[in-house]
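Below, each chain spelled out in residue letters.
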Amino acid sequence: MTKTVLITGANRGIGLELVKRYLQEADWQVIATCRQPENAVELKQLVASSSNRLKILPLEVTDSASVLRLSNELKDATIDVLINNAGIYNDKGQKFGAINFDNWAEAFNVNTLGPMRVTEALFDTLKRAKLAKIITISSQMGALGRKATGSFAYRSSKAAVNKAMQTLAYELEQEDMMVALFHPGWVQTDMGGSEAEITPEESAAGIFNTIDQLSKADNGKFFKWNGEIHPW
Ligand code: NDP
């Protein structure tokens, strides 16, 4: 049976690679969202070769009107897997004493509120699926157990989305749905940089395989890209 995945921030990096990975499976339809579909050159090329299995829709995750337009467009759809992937790391190297609080608010808006805003708006489409999977790409940098300094905005926005999604997982305990978070690895993207440990292909393949195997028993868990549990 055909299933549908919706991926945010799908025009580059890990999001784009997840689109490619799902398209390798003939039974998956992919909805790739991005801020500027007109400039999403690689996604548009994929549409041409996807036999109608890839649709590109506009989505700016901080903009309620944009999120509402998406949910209206998809009001009759069924979404089996939602991957909240869009994210920003806008305080790299920023230290205490020179914190830019506008950056911090923006990081929260994209990384924490974004996934919740999109999940809430698409909830009806997820309810129609059999065991819908609500996935958010978080980061090890949001793990409270890791000793670290700097990047207050990014770290706290990811810690907050971990808590928000874990809370949602408990709220949805009785529903035929599940929620999980992922650290995608340190990945060679614009965000991760060229020195990063793994390629976007490796990250996307690991995330795909892990999502595929998730069951209700995994509701509310935080995973690494390779399927291992990530400590909170
Ligand atoms: P990139 O910077 O390569 O891509 C980020 C994506 O998010 C782009 O598609 C970007 O769109 C999109 N995006 C940013 N802001 C918004 C917004 N307001 N609305 C909609 N889309 C937006 O990052 P990665 O692919 O590396 O990261 C993907 C996810 O993985 C992020 O959540 C990140 O925090 C997480 N992560 C990445 C790691 C890494 O090593 N790369 C490590 C740990 C976590 P646009 O092109 O329009 O800017």
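For clarity, every value in this text was computed on a predicted model and none was experimentally measured.

**Q** Explain the site of the ligand to me, using residue names and the numbers behind them.
**A** Taken together, 29 residues sit near the ligand, with Asn-11, Arg-12, Glu-60, Tyr-154 and Thr-189 positioned nearest. Here an oxygen atom of the ligand and a backbone polar atom of Gly-9 are 3.1 Å apart. Here a nitrogen atom of the ligand and a backbone polar atom of Val-61 are 3.0 Å apart. Considering the ligand on its own, with 900 Å² of exposed area, one finds that the protein chains cover 93% of that surface. At the level of secondary structure, the elements contributing two or more residues to the shell around the ligand comprise α1 (13-23) and α6 (152-171).

**Q** Can you lay out the environment of Thr-8 for me, pointing to particular residues and giving the numbers?
**A** One can find Thr-8 in the loop between β1 (3-7) and α1. Residues Thr-8 and Ala-32, spaced 24 residues apart in sequence, show a C-alpha to C-alpha distance of 6.5 Å. Dropping the residues within four chain positions of it, Thr-8 is found in contact with Thr-33, Leu-59, Val-61, Ile-83, Asn-84, Asn-85, Ala-86 and Val-118.

**Q** Tell me about the packing of α1 against helix α2 (residues 41-48), and please be specific about residues and values.
**A** Running from amino to carboxyl end, α1 crosses α2 at an angle of 10 degrees, the nearest separation of the two axes being 11 Å. By the criterion of interaxial angle, the relationship of α1 to α2 is roughly parallel. Contacts from Leu-16, Val-19, Lys-20 and Leu-23 of α1 reach α2 at Glu-42, Leu-43 and Leu-46. Classifying every residue of the contact of α1 with α2 gives 5 nonpolar, no polar and 2 charged.

**Q** Now, about α1: what can you tell me, with residues and values included?
**A** Along an α-helix, residues three or four positions apart point the same way, because every turn accommodates 3.6 residues. Counting buried residues along α1, 9 of its 11 residues qualify, which places the element largely inside the surrounding structure. Every buried residue of α1 is listed here: Ile-14, Gly-15, Leu-16, Glu-17, Leu-18, Val-19, Arg-21, Tyr-22 and Leu-23. On its buried side, α1 packs onto β1, β2 (28-34), α2, β3 (54-58), β4 (81-84) and α7 (200-213).

How each quantity is defined
Residues numbered from 1 in each chain as written. Predicted model: local features only at pLDDT ≥ 70, side-chain atom pairs only at ≥ 80, totals over all residues. Heavy atoms only, no water. Near = heavy atom within 4 Å. Polar contact = N/O pair within 3.5 Å; in protein donor to acceptor, adjacent residues only side chain to side chain. Areas by Shrake-Rupley, 256 points an atom, 1.4 Å probe, with all protein chains shown as cover. Helix = DSSP H or I, 4+ residues; strand = E, 2+ residues; numbered from the N terminus. Contact = heavy atoms within 4.5 Å. Axes fitted to C-alpha atoms, helices over the stretch in contact; angles between N-to-C directions. Parallel < 35°, antiparallel > 145°, perpendicular 65-115°, else oblique. Nonpolar A, V, L, I, M, F, W, Y, C, P; charged D, E, K, R; others polar. Buried < 20%, exposed > 50% of the residue type's maximum accessible area, 1.4 Å probe, protein only.

Just distances and angles here, no functional claims.
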